[in-house]
Amino acid sequence: MTVPPAPANDDRALVDAVLARAPGAFERLVREYQGLCWHIIQRMVRQPDDTRELCQEAFLRVHQCLHQYRYESQLKSWIGQVAYSVAKRHLERKRIPILEVADDEDALSPLDQVSDGFDLEAACADAEVAAALHAQIEALPPLQRTLLTLYHLDEVPIVEIARITGLAEGTIKSHLFRTRALLRERLQSSMGVTA
């Protein structure tokens, strides 16, 4: 489900209305971006009660810091960045690692590519394979799970994911490549599926 980017004028008008304390403006902002906020936090945290609380915290932070928004990126990216930051801080406080570090962390990045030939859509064609794939995605560490679902399921471009997470585009591509390779390996070993 891809949401078309809001024109910059719409962002500016909404932000100006919220900052001017126009009746209903902040509620409109929350309605428009609560799905994005929920998705990012829920993919990171995985606990519905924590997700609700953290979404409220994220929008409180948006309300407190909206005057700092400089229109350098879409409002959606800025709010996504706030949500990601709130979720990441929550996981750090609970000492939950957001990333699974590979033994050969420095070894893979000469190819700064996203495509590795693994087609998630094709792997999802069979219901049994789809169920196994979703179970494997749920088992991923928060960062890999979030990056993978933002890119493949929500079709968020890498440049936008970089703005949301603060990660370099090459780092995101590397994570996507490694995560897909890991999923392929796990599916092959558990089900004999070749993807």
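So, here's what we can say about the structure. (Residues numbered from 1 in each chain as written. Predicted model: local features only at pLDDT ≥ 70, side-chain atom pairs only at ≥ 80, totals over all residues. Heavy atoms only, no water.)

1. Here's the deal with helix H6 (residues 127-138)
Point 1. Compared with an ideal rise of 1.5 Å per residue, which puts twelve residues at 16 Å, H6 spans 16 Å between its outermost C-alpha atoms and is within 8% of the ideal.
Point 2. Taken together, the buried positions of H6 are Val-129, Ala-130, Ala-132, Leu-133, Gln-136 and Ile-137. The arc enclosing the buried residues of H6, seen along the axis, measures out at 165 degrees, which places them on a common side. In H6, the exposed residues that point more than 90 degrees away from the buried face are Ala-127 and Glu-128. (Helix = DSSP H or I, 4+ residues; strand = E, 2+ residues; numbered from the N terminus. Expected span 1.5 Å × (residues − 1). Buried < 20%, exposed > 50% of the residue type's maximum accessible area, 1.4 Å probe, protein only. Arc of directions from axis to C-beta.)

2. Some points on the environment of Ile-158
Point 1. Of note, Ile-158 is situated in helix H8 (residues 158-165).
Point 2. Relative accessible area serves as the criterion here: at 10%, Ile-158 is assigned to the buried category.
Point 3. Sequence separation of Ile-158 and Leu-147 is eleven residues, and the distance between their C-alpha atoms is 9.1 Å.

3. So, the nonpolar core
Point 1. With 48 residues, the main nonpolar core has Leu-29, Ile-41, Phe-59, Val-62, Leu-66 and Leu-75 as its most contacted residues.
Point 2. For this core, the secondary structure elements donating two or more residues are helix H1 (8-19), helix H2 (25-45), helix H3 (48-65), helix H4 (75-93), H6, helix H7 (142-153), H8 and helix H9 (169-191).
Point 3. The leading source of residues in this core is H2, at eleven residues.
Point 4. With near-sequence residues (within four places) excluded, Phe-59 lies in contact with Phe-26, Leu-29, Val-30, Tyr-33, Gln-34, Cys-37 and Ile-79. (Core = buried A, V, L, I, M, F, W, Y, C linked by side-chain atoms within 4.5 Å. Contact = heavy atoms within 4.5 Å.)

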